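Structure at a glance
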Amino acid sequence: MKKSLFTLALFMFVGLYSTAQKVEFEEYKLDNGLHVILHQENAAPIVTVGVMYQVGAKDEVEGRTGFAHFFEHLLFEGTENIERGEWFNIVSANGGRNNANTTQDRTYYYETFPSNKLEIGLWMESERMLHPIIEQIGVDTQNEVVKEEKRQRIDNAPYGKIIYRTGINNHLFKKHPYGRSVIGSMDDLNAAKLDEFISFNEQFYNPNNATLVVAGDIDVEETKKMIQDYFGPIENKAEANVRKPVVEDPITETRYATEYDANIQIPAYIFSYITPKSVDKDAYVLDYISSILTGGNSSRMYKRMVDQDKVALQVLAFNQASQDYGTYTMGALIKGEPDWDSLKATMDEEIKKLQTELISEKEYQKLKNQFETRFVNANSRIEGVASSLATYQMLQGDASRINKELDIYNSITREDIMAVANKYLNPNQRVEIKYLAGSEPESDK
Amino acid sequence: MKKYIIFTLLAVFMGATVTAQIDRTKIPESGPMPEVNLGEAKEFKLKNGLTVLVVTDSKLPSLNWNLNLNNPPVYEGDKAGVQSLTSALMGKETQLTSKDDFSEKIDFLGASMNVSPNGGFGFCLSKYTDQVFSLFAEAALQPKFTQEELDFEKEQLIEGIKSGENSAAAIAGNVRSALLYGKNHAAGEIITEETVNNVTLEDVNNFYKERFKPSNGYILFSGDITEKQAKSLLKKYFRDWDKGSVETPEYPSFEDVPTTEINFVDVPNAVQTELAVMSVSPLKMSDEDYHAALVTNYILGGAFGSYLNMNLREDKGYTYGARSSLGTGRYYNSSFRATTKVRNEITDSAVVETLKEIKRIRTEPVDAEILANAKAKFLGSFILESEDKAVAARRALRIRTNNLPEDFYKNYIANIDKVTIEDVQRVADKYLADDKARIVLVGKAADVLENVEKIEWNGKKLPVKYFDKEANPTDRPETVVLPEGLTAETVLNNYLTAIGGKEAIDKTTSLILKYEASAMGNTIVSEEKKLDGKASQVLSMGGNPMMTVIMTKDKATMNKNPLPENMATDMSVLAGLFPELNMLSSDKVKLAGIEAVDGKDAYKVDVSGDVISLSFYYDVESGLKVKEVQTTNMQGRTQSQETMLKDYQTYEGLKFPNVRAGSQMGQVIEFKLIEVKINEGVSDQDFD
C-alpha cells in the first residue's frame, strides 16, 4: 500500500516539468560560407571557441583508414604564425585548455579560456583554418603518437573493441564506411604520403565546410567583429564536402562472430543491430529502450541477469546514433562458465517482452523522469553546449534541436517503444558476438 | 531590436568590404582580467558535529550533495575488501525498504546516489529533493546487510578482481602502491580473492557501525537549494544520527629505496609497458612549499607542454601521454609519480628519458618564460573552475580538512605568483627523486626485460627486482619463447648436420684454418690447429708470432705461460676439432633463447664459466653458427668480444665461415679464410 501511494504521489508531477534551461543562440554565415553560432552566457567568465569540420573517418578513401583522426593530430603541429610545438603552450600560457576529437562524421577542435582571452582563441582557430603547416617531421612524430593512442585505447584496454566498436561495427557494416574503425590501421597510416595530407587539408579544411561556435561570457557584437576579422578573409580551396549516400543493406540473417581480447578474463556476449540515423525519432526511442533494459539497478536486464539469475556480472545496452546510421548494442559480461544458449534465450526474452507488451505506465513515467534529469544536466557546461550546438547544426542540420531534444523524448509513446523494438531488434537483424578472453587462434587469422 | 538588426547587417557588410586591421603574426592581446564571482559557502554545524556547507546556485533546477565523513584510511588486512563490500551493500536495501523497491524509487525519480561507510553523494532535480534526500538518509542510517546480498557482492568483487588479472593497467594500479607504501599499509594493501572470502556478515556490520559516524564529517550541498532548506532537510532526516568519530590508527612507516631500482612485473599479453617512477612525497597542503611544489610538478609533468610530455610524446613519439603528480598527505606521506604507457620496444629508453627530465628540473633553472606560462595556467584554471559553483564548497572543505588558513584560496593566486625560478629548483630537488626512485614497470618481459636489465643511470646499472601481480618478490621471468621441446642438444646437432654431417665429421682427425686480416697497415694472420681434445691459435703480425694460445682438456697456456686453472677449465670446451662436440657432453651448456642476429632469428646457446663465458648463436633457418660472444670476467671487470661468422663455404665436405668479423680496439676487423687443411699437418707436438 505504501508503495502505491508513493507511486501515486509521483504521478502528480506529470506535466509539471521544470522548464529545463533553454539554450539561446544566434547563427549566421560569413561570405566565405563559414557557419557561425554564438551563445552568450555570462554566468562565469569563461569562453569556448570551437570549430567543427565536416570531415570524418567515413570520408577516408580505401586503404587510408585512420586518416581523418591522424590529420586531427597533425593540425596541432603549428601554423605559419604558431611555431611547431607551441600550440599547447600558447593555450596553457593563457590559462586555457583545449582538445580535439574525430568521429566517423566530423572533426572538432576547441579551446576554452578565461573570457578575456577570446581573441586568442579566435586567432588560433583561424590560423589553423587559414594556413596550418603540414610537414614530414610532424607526420613522423604523430605517427608514433597515434600508434600509442591505439595501443592505449584499444589494444591494451579491457573490452577496448567493444568500447571503441572496432570489434562490432566491422560485423555490422559491409558497405558503409562505418564498418571501418576511426583510429584505423597502422599500415594504412604508414603508407600515407605527405602530399596526401596536404591535399586532404585543401579538400576539407575550408570555411565553407566548417562551423565555428563561440559560447560563454562574450559580447555578441564585439565577437562578431572579431570573427569577421579573423575568419572573414579565409578563402576556400575547394567546394564544401558533399557526401554520396552509401546505403547499407539491412541485415536479414543473423550474423555470428567471435572476437578476442587478451586484456580480459571475463567473456561477454554482445548483440548489435543497425539502427536509424541520429536525426530520426526512432533513434531517440532506442535511447529509451536502452534505459528500460539497463538504466539503473531497477532496469529489466540488470534485475533479471545480474540480480536474480546471477548469470551476468554486468549488463550493457547503448544506442549510438550517427549521421547516417545508428547502432544498438546490448550484452552481458558473463558470470561463471558461459552458457551461451541460455544467455541468448534470456536476452531474447527481454526483447520479446518489449515487442509484445506495452511497458507499464509507471515504467514509462520513470523513463521520462530519467531523461529530464539527463537533459537538465546536459547543458550545464559551456564546453558541452558549444560542442552540442555545432553537432546539431552540422550533423542534424539544425542547431535549435539542442532545445527540442526533451520535447522529442516526451513525444515518445509506449506504443512507439513497442513499434521500434519490433522494427529494429529482431534476431535476424543482428550480429551475435562471442567476446572471448585471450588471443585469436593462429588458424583463424 | 531594430537597431540591433541594422548593426548586425552593418557588421556583415563591413566585413565584406573592409580589410581587417589585425596582425596575425602575434598572439592577440588579452582583455582585462575578468572578475570571478564565486558564491560563499554558508556554514553551520549540527548537534552531532557534522559540518554543513551550502552553496546556492539556482541556474539549473537541480542540486547535488556530498557527504564526507572525513574518516582516516583503514588497513583491512586479511579481510581486505570489507570496505568495498560494505559500500556495495549500502544503498541496496534498508530496514524499511526492500532491495527492489529501493532501486525502483531512486530510478523512478531519475536520481543518482551512492552511500558508503565513508560518506556518499546524491544528485537529483530540485523538485524531488525531499524524496531523494529521504532515501539517501534511509540508506545511510538504516542499511540492511544480509548474507544473501553479501555472498552476491563477494562473487561480484572476486569476478572483478579476476577481470583485471590480465590488464597491465589494473595490475600497475595495485603494485605501484603496494611497492611504495608496503602491503601492510592502508594505502598499499591489495584485495585478493582470499581476503574477500574471509569477510563475514558480522565484519560488514561492524565495519559500518565503526565508521559511519558524523562528528568529524562534512556535508556539502550545491545547486538549487538554500541554507534554510538544507537545514530543514537535515533536521528532518538526520535527526537521529548520534555523534561519534573514528580514531586515527598508527600507520606503518615507509621510505624511499636507498638507490634507484627497477621493480618489474611480467604481463605476457601487454602491448604497452606501464611505467612509473615513484618516490615518497612528504608534502602537505599546509606546507610553505605547497604552491612552489604545484608549479614545479606542473612544469615537469602536469600538462601537455610539460618536460615529460614534450620529450616522451612530442619529441620521441614513445607514448600518447606522459604526466607526473606530486601528492599531498594528511595522515601519512603521499607519493610523487611520473607515469606513462609506452610501447614495448622502447621501454628502456622511456625510463631513461623520464629520469633525465626529473634530473633536469632538479639541476637546471627553469626558463623564465616557462615559469611565467605555468603561473598563467594556474590563474586560468582558477577562473575556469569557477564555472562549477560547487567549487566554493569544495574549497571550504579542503581548508577545513587540511588545516589551512581561512584565506588560503583568497591568496592562492598571489602565492602562485610568488614562486621563483630558484623555488622551482629547490622544491624539485627536495620532493622529486631520480637517485632514490622506485621504477615500477609492468609489461611483457619477453619483449622488454633484456633491455631493461641494461639500463644505466648516473653511470651505474640499475638493479632489477621481479615481482608478481600481487607485488610479491618472484623469480626473473622467462624472456624468450622457444619452440616447445627444443633443447641445446637439438640446436648443436642441427649445427653439426649443417656443417657437413656426422659422417664428414667422423672422418676428420685434424684441422688447420688460416685467416688473414689487415689492420693498421699490417697483415694479421690467425692460424688455428685442432686435434681431438686439443686446439691452438697463433696470431702473427707481419710474419712475427704475437700471441700463442694452446688449449687441452686439462690446461691452457698463453705464450707458454699457464693460465689460471678456472680459466683453463672454462676454455676446455674449445679444446677439440669442433667446440660443439664438447658442448654436447657438457653440463654448463644451456639453450638461452632466440635473438635476432643481423635481423634473422638465431638460437642462443650459452656456455657458462667462472671467468670466460661463451654465447654461440645458431641461425634458426640454416642451423649454422652466425655469431660468437666471449665474455671475460676478471677482477670485477667484464669484457665482451663479439665475432660474426659469415659466408660459409664447403671444403672437402665440411663448411667453414669464409669471414670472421669482430671489433678490435674500436675497429671492425674482417678475417678472411685463406687456407683450410683437413687431416694433414697437425701433430701432438703442436700443443706442447
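Rules behind the numbers
- Starting from 1, residues in each chain are numbered consecutively following that chain's sequence as written.
- Starting at A for chains and at 1 for ligands, labels are handed out in the order in which the entities are written.
- Since the coordinates come from a predicted model, pLDDT governs what is reported: local features require at least 70, and pairs of side-chain atoms require 80 or more to be given and counted, while whole-chain, interface and lining totals use all residues.
- Working from all heavy atoms in the structure, the side-chain values ignore hydrogens and water.
- Space inside and on the surface of the protein is sampled on a 1 Å grid over the protein atoms alone, with a cavity defined as a set of points where a 1.4 Å probe fits but cannot get out and a pocket as an open set with protein on both sides within 12 Å along at least 5 of 7 lines; lining residues have an atom within 4 Å of a point.
- Grid points are joined across faces, edges and corners, and a volume is the space filled by probe spheres set on the points.
- Only runs of H or I of at least four residues qualify as helices and only runs of E of at least two qualify as strands under DSSP, and these elements are numbered from the N terminus.
- Under the scheme applied, nonpolar residues are Ala, Val, Leu, Ile, Met, Phe, Trp, Tyr, Cys and Pro; charged residues are Asp, Glu, Lys and Arg; polar residues are all the others, including Gly.
- Note that domain bounds follow an automatic or database assignment of domains.
- Contact between two residues is taken to exist if any of their heavy atoms lie within 4.5 Å; hydrogens are not considered.
- Here the buried area means the combined drop in accessible surface, using a 1.4 Å probe, for two parts upon being joined, counting both sides.
- Think of a salt bridge as a Lys or Arg side-chain nitrogen and an Asp or Glu carboxyl oxygen that are within 4 Å of each other.
- Think of a polar contact as two N or O atoms within 3.5 Å of one another; within protein, one of them needs to be a possible hydrogen donor and the other a possible acceptor, and neighboring residues in sequence only count if both atoms come from side chains.
- pLDDT expresses how confident the predictor is about each individual residue, on a scale running from 0 to 100.
- UniProt positions are given in the numbering used here, feature names are shortened, and annotations may be inferred rather than shown by experiment.
- Pairing between strands is defined by DSSP: at least two bridges between them are needed.
- Here, axes are lines fitted to C-alpha atoms. For helices the fit covers the stretch in contact, and angles between N-to-C directions go from 0 to 180 degrees.
- Small angles under 35 degrees read as roughly parallel and large ones over 145 as roughly antiparallel, with 65 to 115 read as roughly perpendicular and the rest as oblique.
- Like charges within 9 Å and nonpolar side chains (Val, Leu, Ile, Met, Phe, Trp, Tyr) within 5 Å are joined into patches, using only residues over 30% in relative accessible area that form no salt bridge.
- For the accessible areas, the method is Shrake-Rupley and the probe is 1.4 Å, while residue cover comes only from the protein chains on display.
- Here the positive residues are Lys and Arg and the negative ones are Asp and Glu; neither His nor the chain ends is included.
- Where a charge sits is defined by one atom per residue type, namely NZ (Lys), CZ (Arg), CG (Asp) or CD (Glu).
- Buried residues are those whose accessible area, probed at 1.4 Å on protein chains only, stays under 20% of the maximum for their type, while exposed residues exceed 50% and partly exposed ones sit between those limits.
- For any pair of crossing helices, the crossing counts as left-handed if the nearer helix is rotated counterclockwise from the farther one by less than a right angle, and right-handed if it is rotated clockwise.

Section: empty space enclosed by the protein
Rolled over the atoms, a probe as big as a water molecule pinpoints where empty space is left. Residues and elements named next belong to chain A. In the structure shown here, the tally under the stated rule is five cavities of 30 Å³ or more. Ser291, Ile292, Gly295, Ser299, Glu363, Lys366, Leu367 and Gln370 together form the lining of the second largest cavity. Looking at the lining of the second largest cavity, the elements with two or more residues in it are helix H11 (281-294) and helix H14 (361-378). When residues of the lining of the second largest cavity are assigned to their parent elements, the largest contribution, four residues, is made by H14. Of the residues that constitute the lining of the second largest cavity, the class distribution is two nonpolar, four polar and two charged.

Digging into the domain arrangement of chain A
Residue and element names in this part refer to chain A. We note that the domain assignment places domain 1 (2-231) and domain 2 (255-444) within chain A. Averaged C-alpha coordinates put domain 1 and domain 2 at centres separated by 25 Å. On the side of domain 2, 51 residues touch domain 1, which itself brings 54 residues to the contact. Note on domain 1 versus domain 2: buried area summed over both sides is about 4,300 Å², and carbon and sulfur give 63% of it. Scanning the region where domain 1 abuts domain 2 turns up three salt bridges. Put simply, Asp324 and Lys58 hold a salt bridge, and the shortest N to O gap is 2.9 Å. Between domain 1 and domain 2 we count 23 residue pairs in polar contact (both at pLDDT 80 or more) in total.

As for the interface of chain B and chain A
Taken together, the contacts link 79 residues of chain B with 93 residues of chain A. Across the chain B/chain A interface, buried area totals approximately 7,900 Å², and carbon plus sulfur atoms make up 56% of it. Interface area lost by chain B to chain A is led by B:Arg24, B:Phe108 and B:Tyr320, which between them contribute 11%. Summed over the shared surface of chain B and chain A, the number is ten salt bridges. Between A:Glu127 and B:Arg24 there is a salt bridge, with the nearest N and O atoms lying 2.8 Å from each other. The tally of links from chain B across to chain A stands at 29 residue pairs in polar contact (both at pLDDT 80 or more). Only helix H1 (2-17), helix H3 (99-108), strand E5 (119-125), helix H5 (147-163), helix H11 (307-315), strand E9 (319-326), strand E10 (334-343) and helix H13 (368-385) of chain B provide two or more residues apiece to the side of chain B that touches chain A. A per-class count over the side of chain B that touches chain A returns 31 nonpolar, 23 polar and 25 charged.

Focus: the confidence of the model for chain B
Per-residue pLDDT for chain B has a mean of 90; in total, 96% of the residues score no lower than 70. The low-confidence segment residues 1-19 of chain B, where pLDDT is below 50, has ten contacts with residues more than four positions distant or belonging to other chains.

Re the UniProt feature "domain: Peptidase M16 C-terminal" (unreviewed entry) in chain A
The UniProt record annotates "domain: Peptidase M16 C-terminal" (unreviewed entry) at residues 194-370 of chain A. Annotated as residues 194-370 of chain A, this span is 41% helix and 23% strand, and its ends, taken at the C-alpha atoms, are 49 Å apart.

Notes on the UniProt feature "domain: Peptidase M16 C-terminal" (unreviewed entry) in chain B
When the UniProt feature table is mapped onto this chain, "domain: Peptidase M16 C-terminal" (unreviewed entry) is found at residues 198-377 of chain B. Between the end C-alpha atoms of residues 198-377 of chain B the distance is 49 Å, and the span holds 39% helix and 22% strand.

Observations regarding the sheet that holds strand E2 (residues 51-56) of chain B
Residue and element names in this part refer to chain B. The six strands are arranged E1-E2-E6-E3-E5-E4 in an open sheet whose pairing can be described as mixed. The open sheet has two edge strands with one neighbour each: strand E1 (42-45) and strand E4 (112-116). The average undirected angle you get between the axes of adjacent strands in this sheet is 10°. Sheet topology note: the E2/strand E6 (residues 218-223) ladder contains six bridges and is parallel. Among the inter-strand pairings, Thr51 is bridged to a residue of E6, identified as Tyr218. Sheet strands touched by helix H9 (residues 227-237): E1, E2 and E6. Its angle to E1, the strand with the most contacts, is close to 25°.

Structural notes on the packing of H11(A) against H14(A)
Residues and elements named next belong to chain A. Where H11 meets H14, the axes come as close as 10 Å, and the angle between the chain directions of the two elements is 110°. In terms of orientation, H11 and H14 fall into the roughly perpendicular class. Together, Asp287, Tyr288, Ser291 and Ile292 of H11 and Glu363, Leu367, Lys368, Gln370, Phe371 and Arg374 of H14 make up the contact between the two elements. Within the contact of H11 with H14, the residues separate by chemical class into four nonpolar, two polar and four charged.

Describing a negative patch on the surface
Residue and element names in this part refer to chain B. On the surface, a cluster of negative charge is contributed by Asp78, Glu165, Glu193, Glu194 and Glu470. By secondary structure assignment, the location of Glu194 is in helix H7 (residues 193-197). With relative accessibility at 60%, the residue Glu194 sits in the exposed group.

A closer look at the domain arrangement of chain B
Split by domain assignment, chain B resolves into domain 1 (34-71 + 91-142 + 213-246), domain 2 (261-467) and domain 3 (488-687). On a C-alpha basis, the centres of domain 2 of chain B and domain 3 of chain B stand 51 Å from each other.

What to know about the pattern of salt bridges
Throughout the structure, instances matching the rule amount to 80 salt bridges over all chains. Notably, a salt bridge pairs B:Glu227 with B:Lys231, separated by 3.9 Å at the nearest N-O pair. Residue B:Glu227 and its partner B:Lys231 are both found in helix H9; the two are separated by four residues, about one turn of the helix. Among the salt bridges present, the one from B:Glu675 reaches B:Lys514, with a minimum N-O distance of 3.6 Å. Here B:Lys514 lies in strand E15 (residues 510-519) and B:Glu675 lies in strand E27 (residues 667-678), a separation of 161 residues in the sequence. Judged by relative accessible area, B:Glu675 falls into the partly exposed class, the value being 26%. The structure contains a network of salt bridges with shared partners spanning A:Arg304, A:Asp309, A:Glu349, A:Glu350 and A:Lys353.

Considerations on the sheet that holds strand E2 (residues 35-40) of chain A
Residue and element names in this part refer to chain A. Taken together, the six strands give an open sheet; going across it, the order is E1-E2-E6-E3-E5-E4, and neighbouring strands pair in mixed fashion. Edge positions in the sheet fall to strand E1 (26-29) and strand E4 (97-102), since each has one partner strand and no second. When the angles between neighbouring strand axes are averaged without regard to direction, this sheet yields 15°. As paired strands, E1 and E2 are joined by four bridges and run antiparallel to one another. Among the inter-strand pairings, Tyr28 is bridged to a residue of E2, identified as Val36. The strands touched by helix H4 (residues 118-130) within the sheet are strand E3 (46-53), strand E5 (107-114) and strand E6 (210-216), with E5 carrying the most contacts at an inclination of about 155°. Across the sheet, helix H15 (residues 382-396) is in contact with E1, E2, E3, E4, E5 and E6; its angle to E6 comes to roughly 150°.

Things to note about the environment of B:Val620
For B:Val620, the location among the structural elements is in the loop between strand E23 (612-619) and strand E24 (625-634). Here B:Val620 is in contact with B:Asp601, B:Ala602 and B:Tyr603, once residues within four sequence places are set aside.

Looking at the packing of helix H10 (residues 290-301) of chain B against helix H12 (residues 347-363) of chain B
Residues and elements named next belong to chain B. In contact at an axis separation of 10 Å, H10 and H12 are set at 140° when each is read in the N-to-C sense. Put simply, H10 runs oblique to H12. You can see that H10 and H12 cross each other, and the crossing is right-handed. Residue-level contacts link Thr296, Ile299 and Leu300 of H10 to Glu357, Ile358 and Ile361 of H12.

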